[in-house]
Number of protein chains: 2
Amino acid sequence: MSKSLSLAGFLPYRCNSLAQKISFSLSRIYVDRFGITVPEWRVLVTLAEYGELQSRRIGELTSMDKVRVSRAVSGLSARGLLQRRPCDRDSRASLLCLSDTGAELYQRIEPEVLAWEEALLQPLSTTERESLFVLIDKLDLRLATMPAVEPPP
Amino acid sequence: MSKSLSLAGFLPYRCNSLAQKISFSLSRIYVDRFGITVPEWRVLVTLAEYGELQSRRIGELTSMDKVRVSRAVSGLSARGLLQRRPCDRDSRASLLCLSDTGAELYQRIEPEVLAWEEALLQPLSTTERESLFVLIDKLDLRLATMPAVEPPP
DNA sequence: AGTAGATGGTTACATTGGTAACCATCTACT
DNA sequence: AGTAGATGGTTACCAATGTAACCATCTACT
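Structure report, in brief. (Residues numbered from 1 in each chain as written. Chains lettered and ligands numbered in written order. Predicted model: local features only at pLDDT ≥ 70, side-chain atom pairs only at ≥ 80, totals over all residues. Heavy atoms only, no water.)

1. Quick notes on the protein's contact with DNA strand C
Worth spelling out the cut-off: For this purpose, a residue is taken to be near a molecule or strand whenever a single non-hydrogen atom of the residue falls within 4 Å of it. Segments assigned H or I by DSSP are reported as helices when at least four residues long, segments assigned E as strands when at least two residues long, and all are numbered from the N terminus.
Residues in close proximity to DNA strand C total 18 residues, the closest being A:R56, A:K66, A:R92, B:R71 and B:S91. Among the atoms of DNA strand C close to the protein, meaning within 4 Å, 57% are from sugar or phosphate groups. Here the surface near DNA strand C takes four residues from helix α4 (residues 66-78) of chain A, the largest share from any one element.

The following block contains the structure:
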C-alpha cells in the first residue's frame, strides 16, 4: 500500500506557494515604492554585486533567459539606471553597470530589503536558517542530477 | 556594518528558483504525457482528495483565485474529466467531482507523481524531510503575520 | 581568406496569467 | 416583500512571460 497525495503536504505545491508569498511580500518594497519589476530587481542586485557584466552573464547569474534580461535591461536603461559601454572583445555584446542614479537608488532599496529579510527569518534560529539553505542546496543539486521518471511499460 | 545582498544567498531568489525547477520537473509527467496544465492538476488532486467541492472551496484549498479555478475547471470539463451537479443550497454555485474518466486518469498519474516525489526526496533523511516541512510551515506562518516593512521617515 | 555553424542580443508573435467589470443570486435589514 | 450590499462564477481586457525568428558578429575549420 502507498500513501495518497494531498496538496497540503506535497512539496511542489508548498514550495511554490511559499515562494509566491515571499516574492509578493518582498516586492511590496521595490514594486510599490520604486516601480521596479522583479526581473529588473534581479538585474540591479546582480550588477550591484558584480560591478560590470554583459547580458549573457547576468542571465546565468539570475537564472533568467536572454529575453527577460534584455527587457529588464531596457527598462532600467530607459530610466537612466544603467550605463553601457561596448565590449571590445566582442562587438555584439556590451558591458553593463549601474549608473550613479542606479547605484544611488539601489542603496536606498538595499537596507530595506535586508530589514525585510531579517524580519522574515526572525522566527528561525541560526541553526534553522543554516539547515534551510542546506536543504535548498540539496534539492537543487538533486534536481540537476535526478533521472527523469520512467513511464510505465 | 551590515552584510550586503547576494542573490545566491537570498532566500526569495533561492526559493523561487527551487520552486520553479521542482514545478518544471514534476510537470514533465502531467503536462507532457497527459496534457494537463498546472492549475488543472491542482484541481484534480483536490477533487481526488475531497470528493465533491464547489469552486470557491477549490480556490481556498489550492490558493488559486476564482478566475484560475474557473478556467481550470472548464478545461477539465471540456475533456469530460469532471462532473457537475447543482448545489441546492446556492443556485449560483455547482458541486464538482471527478467523473469516472477523470478518476481513472488520476489513478494513472498519481503513482507516477508519488514515485517522482520519492526520487526527489531520496537524498534527504527522514529527519531532513521533516525539518523541511517544519521550516516551510514556519515561514508560511510568519508571512501571514509579519508586519509590513516601514518606509524610512 | 572564406565559409558553416554557433552565439549575443533584440524584435515579433503566441500563451499565459492577473485585474476588473459583469450577471445572477443570496443575505440582511426595513 | 423590497432593497442594498455581498458573494459565486464567468467573461473581457490588459500586462507579463515564453518561444521562435532574426541580425550581427564571432569561432573554427578548409
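2. Here's the deal with the protein's contact with DNA strand D
Heads up, the rule is: We call two N or O atoms a polar contact when they sit within 3.5 Å, provided that within protein one can donate a hydrogen and the other can accept it, with sequence-adjacent residues counted only if both atoms are side-chain atoms. All residues other than Ala, Val, Leu, Ile, Met, Phe, Trp, Tyr, Cys, Pro, Asp, Glu, Lys and Arg, Gly among them, are scored as polar; the first ten of these are nonpolar and the last four charged.
In the vicinity of DNA strand D, 18 residues are found, and the nearest of them are A:R71, A:S91, B:R56, B:K66 and B:R92. Contact distances for DNA strand D include 2.8 Å between a phosphate oxygen and a backbone N or O atom of A:S91. Between B:S70 and DNA strand D, the recorded distance is 2.9 Å, taken from a side-chain N or O atom to a phosphate oxygen. Sorting elements by how many residues they give to the surface near DNA strand D places helix α4 (residues 66-78) of chain B first, with four residues. When the residues that make up the surface near DNA strand D are grouped by side-chain class, the tally is three nonpolar, five polar and 10 charged.

3. A look at the packing of helix α2 (residues 38-50) of chain B against helix α3 (residues 55-62) of chain B
All names here are of chain B. Put simply, the test is: Between the N-to-C directions of two axes lies an angle of 0 to 180 degrees, each axis being a line fitted to C-alpha atoms and, for a helix, fitted only over the stretch in contact. Working rule for angles: under 35 degrees goes down as roughly parallel, over 145 as roughly antiparallel, 65 to 115 as roughly perpendicular, anything else as oblique. We call two residues in contact whenever any of their non-hydrogen atoms come within 4.5 Å of each other.
Axis separation between α2 and α3 bottoms out at 10 Å; the angle between their running directions is 105°. Between α2 and α3, the interaxial angle falls into the category roughly perpendicular. Between α2 and α3, the residues in contact are R42, V43, T46, L47 and Y50 and I58, L61 and T62, respectively. Residues belonging to the contact of α2 with α3 are distributed by class as follows: five nonpolar, two polar and one charged.

4. Digging into the sheet that holds strand β1 (residues 53-54) of chain B
Residue and element names in this part refer to chain B. Which entries qualify depends on this criterion: Following DSSP output, two strands are said to pair if at least two bridges run between them.
Here we have three strands laid out as an open sheet, ordered β1-β3-β2, and antiparallel in their pairing. Two strands close off the open sheet at either side, each with one partner strand: β1 and β2 (82-86). Here β2 runs beside strand β3 (residues 94-98); their pairing, made up of five bridges, is antiparallel. The partner of P86 across the bridge, within β3, is S94. Across the sheet, α2 is in contact with β1, β2 and β3; its angle to β3 comes to roughly 95°. On top of the sheet, α4 reaches β2 and β3; it is set at about 110° to β2, its chief contact.

5. Some words on the pattern of salt bridges
Any two side chains of opposite charge can pair, given that their charged atoms come close. Filter applied, for reference: Take a side-chain nitrogen of Lys or Arg and a carboxyl oxygen of Asp or Glu: if they are within 4 Å of each other, that pair is a salt bridge. A 1.4 Å probe rolled over the protein chains alone gives each residue an accessible area, and that area as a share of the maximum for its type sets the label: buried under 20%, exposed over 50%, partly exposed in between.
This model, assessed by the stated rule, comprises 22 salt bridges over all chains. Here B:D137 makes a salt bridge to A:R14, at a shortest N to O gap of 2.8 Å. Of this pair, B:D137 sits in helix α6 (residues 126-145) while A:R14 sits in helix α1 (residues 11-32), placing the two residues on different chains. Of the residues examined, B:D137 reaches a relative accessible area of 39% and is grouped as partly exposed. Judged by its relative accessible area of 11%, A:R14 falls in the buried class. The network of salt bridges with common partners includes A:R14, A:K21, B:D137 and B:D140.

6. Focus on the state of the cysteines
Residues and elements named next belong to chain A. The cut-off we apply is this: Working definition: a disulfide is two cysteine sulfur atoms within 2.5 Å of each other.
Throughout the structure, instances matching the rule amount to zero disulfides over all chains. With no disulfide of its own, C87 lies 13 Å from the sulfur of C97, the closest cysteine sulfur. Residue class for C87 comes out buried when judged on its relative accessible area of 7%.

7. Re the relation of the copies chain A and chain B
For clarity, the threshold we go by: Here the copies were fitted onto each other by least squares, based on C-alpha atoms from residues at pLDDT of at least 70 in both.
Each copy superposes on the other: chain A lies on chain B with an RMSD of 0.1 Å after a rotation of 180° and an axial shift of 0.0 Å. Here the symmetry operator amounts to a two-fold rotation axis. In this assembly, 100% of the residues forming the interface of chain A have copies in chain B that are likewise at the interface, indicating an isologous arrangement.

8. Examining α2(B)
Turn by turn, an α-helix covers 3.6 residues, leaving residues three or four places apart pointing in a common direction. All names here are of chain B. The condition is simple: For a helix, the expected span equals 1.5 Å multiplied by the residue count minus one.
For α2, with 13 residues, the first-to-last C-alpha span of 18 Å sits near the 18 Å given by 1.5 Å per residue. Those residues of α2 that sit buried are P39, E40, W41, R42, V43, L44, V45, T46 and L47. With its phi angle positive at about 85°, G51 sits one or two positions after the end of α2.

9. A word on the interface of chain A and chain B
A common way to state how big an interface is: give the accessible area lost once the parts meet. Applicable threshold: What counts as buried area is the accessible surface, traced by a 1.4 Å probe, that two parts surrender upon association, with contributions from both included.
Listed as interface residues are 61 residues of chain A and, on the opposing side, 61 residues of chain B. Counting the surface lost from both chain A and chain B, the interface buries some 6200 Å², and carbon and sulfur atoms represent 68% of this. Linking chain A with chain B are eight salt bridges, by the criterion used here. One salt bridge in this structure joins A:D140 and B:R14, with 2.8 Å as the shortest N-O distance. Looking at the side of chain A that touches chain B, the elements that each hand over two or more residues are α1, α2 (38-50), α3 (55-62), α5 (100-121) and α6 (126-145) of chain A. Among the elements that take part in the side of chain A that touches chain B, α1(A) stands out by supplying 14 residues, more than any other.

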